[in-house]
Amino acid sequence: MELLGSPLRTPYTQPRSTPTKFLPSIPTASSLQNRFPPSPLPNSFSSPWMPRVTKPTLGPAPRSSQRLTPREALPPISHQTALSTRYTPGDWYRSNLTNYKRSETARHTAECLTADSSRLIQDKYQQTRKTQAESTKNLGQRVNDIMFWKSELRCEHDKMVEETNALTGMKERLERALANTEAPLQVTQECLLLREKRMGIDLVCDDVEKQLFVELDIIRSCQERMRRHLEQAEAQLASNRLAQHDVERDLANKQAAHRIDEQCQQLRNTSTGISYFRGVERVDATISVPESWANFTDKNILRSQSERAASAKLRDSIENLLVLTDKQMQHQFNCVNLAFTQRIAEMADAKRKIQAQLSKTLQEMFHLERSIEAIQKAIRDKGFPLKVAQTRLDKRIRRPKMELCRDPAQLRLVSEVCEINETIQSLQQRLRDSEDVLQRLVHNKSALEHELVVKSTSLFIDQEKCLAMRKTFPSTGRLLGYV
């Protein structure tokens, strides 16, 4: 009868997802009495979530039951227990233990999941940071590559601009030199026309006339070669500008790419202006790979270098042509003058010889004065390197204590000062020698001029006409196109 007060388990106290038949079958009353003695349920096992079940109280039997037989008045105890009890205490304890274990299992699973989630979050955070750092590093390397090729393109562009300007200047020199050959051509033709006015036996095809025809052929040949080189220079300038245009366009693209990649490299998670662009990773707008990208720029640089080399070669060719032209014309000019001098010497007295010597002396004095000016300038130019070296030595003397080391820099500075001093001394000696020679030339010039005053005869056509016109022959600077 004590088991009648045991609480009954309600169906809503179990989880909905668990099986409905996890307890054993309900035992019979006889087996229950054999296994567990009847005992009252302690209050400590009651839980607030369990429904309250009032213990039935046994009152006095109704009067009608007094007239019943003992078997009819009260059912057997086993039948009553079976009707009021569905589970045994052992099942009840096992049910509680099962709930505890299930709760502990669920809680352990939740704790493991929480820890795994924390680790997953941290791992993904580190992975994201690493990926972003690698992307930033790759962008930095890309920026460095673009900067390298930018510097190469800019350097090549500057060299090409410089080469184009140099070739343009050389072309202008060639044009001026070509224009300056017209005057000698007219002088030669005028001399031939003047010599045709000779009369009598003097109308002879002498060495002077032969040299004048040679000079005429040389001048015309030089003009023809100059015109061909002018055409080549114009074509080469067009090629240079085309290569320069390609380099400038590539450089402009590199500058735009460098600006974009540098902005991308500087973007951070806290930067402004970042946003979502859905599907941008699926857009492939690239048209090159790093190899073809580098080859494209390298091809432009190589083409520019090739054109630049061809331009430099053409400049050297023009320079050689100008030097050769000047040399040939000057040489032939001197040959014609010499022929005139010899012819006049044969027909005249020593005055013409003295005049020729005076002309040579004046020319040599001019070159010697230029040489003296160059030596003086060289001596002045050595002053600044000497000041620099001596100032460096003076400052290095003030180094503290053990820093006063006789290192290679100190030795080189000392030797540099000695070398500069020796150079200045040698230049000063050469200057003194040149001044002495110039002084002697001045004295010789004075003597020749005095002799010219004494001897006053000449031939009118060769001396007063032809030689007078040939004194206007262009100088070396004009024939080289500098003037």
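Residues numbered from 1 in each chain as written. Predicted model: local features only at pLDDT ≥ 70, side-chain atom pairs only at ≥ 80, totals over all residues. Heavy atoms only, no water.

Novice: Would you mind going over the overall build of the protein in detail, with residue names and values included?
Specialist: Tallying secondary structure elements over the protein gives twelve helices and zero strands in all. Listing each helix as α and each strand as β along the protein from the N terminus yields α-α-α-α-α-α-α-α-α-α-α-α. For the protein, with 483 residues in total, the buried portion stands at 29%. Long-range pairs, those at least 24 residues apart, make up 89% of the contacts in the protein with a sequence separation of at least 6. Just so you have it, the protein exposes about 33,200 Å², and 56% of that area is on carbon and sulfur atoms. (Helix = DSSP H or I, 4+ residues; strand = E, 2+ residues; numbered from the N terminus. Buried < 20%, exposed > 50% of the residue type's maximum accessible area, 1.4 Å probe, protein only. Contact = heavy atoms within 4.5 Å. Areas by Shrake-Rupley, 256 points an atom, 1.4 Å probe, with all protein chains shown as cover.)

Novice: Account for the packing of aromatic side chains, naming residues and giving values.
Specialist: A full pass over the atoms with the stated rule returns two aromatic pairs. The interplanar angle of 75° and the centroid separation of 5.0 Å between the aromatic rings of W92 and Y93 together place this pair among those described as edge-to-face. Given a relative accessible area of 41%, Y93 falls into the partly exposed group. Where F148 meets W149, the ring centres are 5.2 Å apart and the plane angle is 70°; that geometry is what we call edge-to-face. On the accessibility criterion, W149 (15% relative accessible area) is buried. The cationic tip of R142 hangs over the ring face of W293; the distance from NZ or CZ to the ring centre is 3.8 Å. (Phe/Tyr/Trp six-rings, centres within 6.5 Å; stacked < 30°, edge-to-face > 60°. Lys NZ or Arg CZ within 6 Å of the ring centre and 35° of its normal.)

Novice: Got a sec to walk through the pattern of salt bridges? Specific residues and values, please.
Specialist: For the structure on display, the rule yields 18 salt bridges. Note that R249 is salt-bridged to D246, the shortest N-O span being 3.2 Å. Here R249 pairs with D246, and both are found in helix α6 (residues 207–266), just three residues apart, close to one helical turn. In this structure, E419 engages R412 in a salt bridge whose closest nitrogen and oxygen atoms are separated by 3.5 Å. Of the residues examined, R412 reaches a relative accessible area of 48% and is grouped as partly exposed. Through salt bridges with shared partners, a single ionic network connects D246, R249 and R303. (Salt bridge = Lys/Arg side-chain N within 4 Å of Asp/Glu carboxyl O.)

Novice: I'd like to hear about the nonpolar core, residue by residue, with values.
Specialist: Counting residues in each nonpolar core, the largest one holds 22 residues, and the members touching the most others are C191, V208, L212, M329, F340, C466 and F473. When contributions to this core are tallied by element, the ones reaching two or more residues are α5 (182–195), α6, α7 (290–347) and α11 (460–470). Non-local contacts of F340, meaning those with residues more than four positions away in its chain, are made with R195, V208, L212, D462, C466, L467 and R470. Core analysis: the second largest hydrophobic core is formed by 16 residues, I372, I375, L386 and V417 among them. (Core = buried A, V, L, I, M, F, W, Y, C linked by side-chain atoms within 4.5 Å.)

Novice: Residues and numbers for the packing of α6 against α7, please.
Specialist: Running from N to C, α6 and α7 point in directions that differ by 165°, and their axes come no closer than 9 Å. Compared by their axis directions, α6 and α7 come out roughly antiparallel. Between α6 and α7 lies a crossing of left-handed hand. Class assignment of the residues belonging to the contact of α6 with α7 gives a composition of 25 nonpolar, 15 polar and nine charged. (Axes fitted to C-alpha atoms, helices over the stretch in contact; angles between N-to-C directions. Parallel < 35°, antiparallel > 145°, perpendicular 65-115°, else oblique. Left-handed = near helix turned anticlockwise from the far one by under 90°. Nonpolar A, V, L, I, M, F, W, Y, C, P; charged D, E, K, R; others polar.)

Novice: Outline the side chain of E209, listing residues and values.
Specialist: With respect to the helices, strands and loops of the structure, E209 is situated in helix α6. Residue class for E209 comes out buried when judged on its relative accessible area of 10%. When residues no more than four places from it in sequence are discounted, the contact partners of E209 are L192, R195, E196, R198 and V204.

Novice: Before we move on, could you go through the packing of helix α4 (residues 89–180) against α7 and cite the residues and values that matter?
Specialist: The N-to-C vectors of α4 and α7 enclose an angle of 20°; their axes lie 9 Å apart at closest approach. Relative to α7, the element α4 lies roughly parallel. The chirality of how α4 crosses α7 is left-handed. In terms of residue class, the contact of α4 with α7 is built from 17 nonpolar, four polar and twelve charged.

Novice: How would you explain helix α9 (residues 383–397) if you had to name every residue and give the values?
Specialist: For α9, which comprises 15 residues, the first-to-last C-alpha distance of 21 Å matches the rise-based estimate of 21 Å (1.5 Å per residue) to within 8%. Within α9 the residues assigned to the buried category are L386, A389, L393 and R396. Taken around the axis of α9, the buried residues stretch over an arc of 105°, which confines them to a single face. Away from its buried face, by an angle of more than 90 degrees, α9 presents the exposed residues F384, K387 and K395. (Expected span 1.5 Å × (residues − 1). Arc of directions from axis to C-beta.)

Novice: Break down the environment of E182 for me, with residues and values.
Specialist: Within the secondary structure, E182 sits in helix α5. Here E182 falls in the partly exposed class, since its relative accessible area comes to 32%. C-alpha of E182 to C-alpha of P474: the two residues are 292 residues apart in sequence and 9.8 Å apart in space. Non-local contacts of E182, meaning those with residues more than four positions away in its chain, are made with Q223 and R227. Within polar-contact distance, the side chain of E182 engages the side chain of Q223 at 3.2 Å. (Polar contact = N/O pair within 3.5 Å; in protein donor to acceptor, adjacent residues only side chain to side chain.)

Novice: How would you sum up α11? Please name residues and give values.
Specialist: Among all positions in α11, only D462, Q463, C466, L467 and R470 are buried. The buried residues of α11 occupy one face: seen down the axis, they fall within an arc of 120°.

Novice: Outline the side chain of T88, listing residues and values.
Specialist: By the secondary structure assignment, T88 is in the loop between α3 (77–84) and α4. For T88, the side chain forms a polar contact with the side chain of D91, separated by 3.0 Å.

Novice: Account for the confidence of the model for the protein, naming residues and giving values.
Specialist: Residue-level pLDDT values for the protein average 79, and 80% of them are 70 or greater. Of the regions scoring below 50 in pLDDT, residues 1–66 engages in 52 contacts with residues more than four places distant in sequence or in other chains. (pLDDT = per-residue confidence, 0-100.)

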